[in-house]
Amino acid sequence: MLTKNVRQSIRREGWKNLKRKYYLNILITFLVSIIVSGGYQFATNTGNAFKNSSIETATSFMEEAESSADFSNGLFGKDSSYTNAGIIQNFIKNLFEIKDIENPEDIPTTSEKYYGGVASVFVNEITGSQSFAFGILNGINQLVFDGKVASSILIFIFSIISIFIFVFLKNVIVVGKNRYFLEQRRYRGTGAGELIFPYKNKRLKNIAFVMFFKYLYQVLWNMTIVGGVIKHYEYLLIPYIIAENPETPKKEAFELSKTLMHGEKWKAFVLEVSLFPWYLLSYVTFNLSAVFFSDAYIECIKAEMYMRIRNAKHESLRLGLRKWLNDDMLAIEHIENSEHPSGVEVLDIPQVSIHDLKHDYMRSYSFLSLIELFFTYSLVGWLWEVFYYIASTGMLVNRGTMHGPWLPIYGCGGLLIILLLKPLREKPGVLFAGAVLVCGVLEYTTAWILETFLHKKWWDYTGYFLNIHGRVCFEGLLVFGMAGLAFTYIFSPMLDDLYKKMEDKNRKILCIVLIVLFVADLVWSLMSPNTGVGVTM
């Protein structure tokens with residue numbers, strides 16, 4: 001079917017299709033490259049076109065296994081032993097208690113990477129391989145043999161996050177891209193919104209399921225090298241099949257692709273080889289030619305190739321398979337310019353409004369409620385700090401400058417959000433930014449005062465991503481912003497309603513007792529601050 005003349009015709013049609021929506025086609029391919037490949041750096045990396053080419057399919061898995069980094073880099077600093085191969089090596093060494101002689105010359109300085117905090121894991125690993133399988137293995141290694149419980153928990157958490165992103169975003173967005181290129185050859189009104197085609201009308205579950213097994217089977221076949229190349233072309237049309245009909249079951253999607261590609265694998269390979277000059281040009285132009293031309297051109301060619309094969313073999317398919325290829329509006333032999341049936345589909349994403357919340361978030365709080373909220377948030381902050389330190393070190397310590405079970409910086413932050421940011425409550429986005437600013441200033445100022453007058457540090461974010469003098473950091477500010485939203489719309493109104501169920505007399509007694517204890521603790525702490533291992537540094 002894919003004869004020499006047909007291949008030439010496909011390239012001509014692809015060229016016409018590229019020109020019809022040049023700028024949008026370029027934008028779509030660039031966005032998908034960023035999402036799938038992990039960032040702008042990869043999207044403009046020299047040789048990216050080679051890595052996207054199926055010619056490299058047979059060796060891609062083995063290269064990943066040798067070169068990619070695991071999730072622990074951001075936790076334990078830069079270390080060459082934390083490549084995927086190194087993880088396996090360390091796992092085996094720990095299992096059989098094999099010891100290495102440490103060479104001090106091989107130990108890099110920690111300044112080469114951010115090495116502290118959760119955000120640093122994202123920063124270090126998003127720019128790495130994002131290999132969740134080896135991240136999980138390293139988590140087992142650290143948990144079982146090194147006893148680093150907190151680190152292992154973080155590794156597992158980010159491994160799960162990485163799996164989720166891979167399965168429900170990276171794998172799926174490819175189908176959205178294919179749907180766009182199939183539609184834009186048919187409808188002149190096709191827009192960038194088709195990129196989120198998989199997320200419309202409850203399609204995500206099946207698309208993610210089919211694409212995950214396509215990836216899994218391909219990885220397993222890649223281990224056989226030759227089988228990986230063959231299966232690549234056998235599975236080639238699966239993303240287009242479910243882009244045409246996202247309800248196609250996994251078994252039928254695989255069988256359809258196999259049937260359609262029967263007798264066409266070599267010819268599809270030849271078609272891809274004919275595009276080699278574009279890959280070469282991409283390499284010598286630092287991928288600029290791919291970004292501004294060849295990536296989109298190749299996508300147009302692939303979409304056209306699918307439709308040619310699909311139309312040529314549609315009637316010969318058995319009825320059980322043919323029924324799944326049912327989008328006759330797309331099934332045209334040549335590019336057309338029909339009106340896009342816009343408005344037919346709607347996003348199946350529930351819209352959440354702050355006005356639907358159960359509790360009145362616009363309320364004004366009484367003086368008693370403010371006192372109770374201050375102590376509640378101070379206690380919650382103390383519990384969080386103590387719990388985190390137990391998870392990190394296994395030690396129970398009293399965190400904070402004071403001796404009682406409270407961290408007033410949390411209480412002050414909560415009250416500042418409630419009082420100062422009340423005019424912003426109808427605008428959650430602005431409130432988030434306000435909470436980041438207010439709490440950031442509070443934390444930085446508090447740290448400066450403690451360091452200046454008490455000559456000690458109760459926290460230090462040095463080495464964390466985007467920290468300022470070690471007093472505030474990116475991930476802390478992010479948490480403050482999210483906590484500000486939670487304080488404003490959920491917890492403060494809910495707690496206020498709970499407090500009001502108490503009699504005013506009892507509330508006043510409780511507040512007086514708490515204030516007396518707090519003032520006494522404050523005086524004591526000014527004379528003898530809470531310091532020591534796990535508290536100050």
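The rules we used
- Residues numbered from 1 in each chain as written.
- Predicted model: local features only at pLDDT ≥ 70, side-chain atom pairs only at ≥ 80, totals over all residues.
- Heavy atoms only, no water.
- Salt bridge = Lys/Arg side-chain N within 4 Å of Asp/Glu carboxyl O.
- Helix = DSSP H or I, 4+ residues; strand = E, 2+ residues; numbered from the N terminus.
- Buried < 20%, exposed > 50% of the residue type's maximum accessible area, 1.4 Å probe, protein only.
- Patch = residues over 30% accessible without salt bridge, like charges linked within 9 Å, V, L, I, M, F, W, Y side chains within 5 Å.
- Areas by Shrake-Rupley, 256 points an atom, 1.4 Å probe, with all protein chains shown as cover.
- Phe/Tyr/Trp six-rings, centres within 6.5 Å; stacked < 30°, edge-to-face > 60°.
- Lys NZ or Arg CZ within 6 Å of the ring centre and 35° of its normal.
- Core = buried A, V, L, I, M, F, W, Y, C linked by side-chain atoms within 4.5 Å.
- Contact = heavy atoms within 4.5 Å.

A. Local environment of the pattern of salt bridges. Applying the stated rule across the entire model yields 17 salt bridges. Of the charged contacts in the structure, one is a salt bridge between E255 and R318, with a shortest N-O distance of 3.0 Å. Of the two residues, E255 is situated in helix α14 (residues 250-261) and R318 in the loop between α17 (288-313) and α18 (319-322); the sequence distance between them amounts to 63 residues. Take E255: its relative accessible area is 25%, and that puts it in the partly exposed class. You can call R318 partly exposed: its relative accessible area is 46%. Here R471 makes a salt bridge to E451, at a shortest N to O gap of 3.0 Å. Here the residue R471 occupies a position in the loop between α21 (428-454) and α22 (474-499), and E451 occupies one in helix α21, the gap between them amounting to 20 residues. A relative accessible area of 13% means that R471 is categorised as buried. Each of R363, D496, D497 and K500 takes part in one network of salt bridges that share partners.

B. Local environment of a nonpolar patch on the surface. A contiguous nonpolar patch, built from V273, F276, L280, L281, Y283 and V284 and spanning about 500 Å² of accessible area, is present on the exposed surface. The topology assignment puts F276 in helix α16 (residues 276-284). Under the relative-accessibility criterion, F276 is labelled partly exposed at 37%.

C. View of the packing of aromatic side chains. Taken as a whole, this structure holds 25 aromatic pairs when the rule is applied. A ring pair is formed by W278 and Y297, whose centres lie 6.0 Å apart and whose planes are at 75 degrees; its orientation type is edge-to-face. Of the two residues, W278 sits in helix α16 while Y297 sits in helix α17, which places them 19 residues apart along the sequence. Among the aromatic side chains, those forming a connected cluster through ring pairs are F209, F212, F213, Y217, Y235 and F254. Of note, K250 hangs over the ring of F213, and the distance from its end group to the ring centre comes to 5.1 Å.

D. Highlighting the nonpolar core. Judged by nonpolar contacts, the single largest core of 56 residues is most densely connected at L182, L237, M305 and Y306. Elements supplying a minimum of two residues to this core: α1 (4-20), α2 (22-37), α10 (149-184), α11 (204-222), α13 (238-244), α14, α15 (265-273) and α17. It is α17 that contributes the most residues to this core, 11 residues altogether. Ignoring sequence-local partners within four residues, the contact set of L182 consists of Y240, A243, A303, Y306, M307 and L330. Of all hydrophobic cores here, the second largest spans 27 residues; its members include Y361, L368, M402 and Y489.

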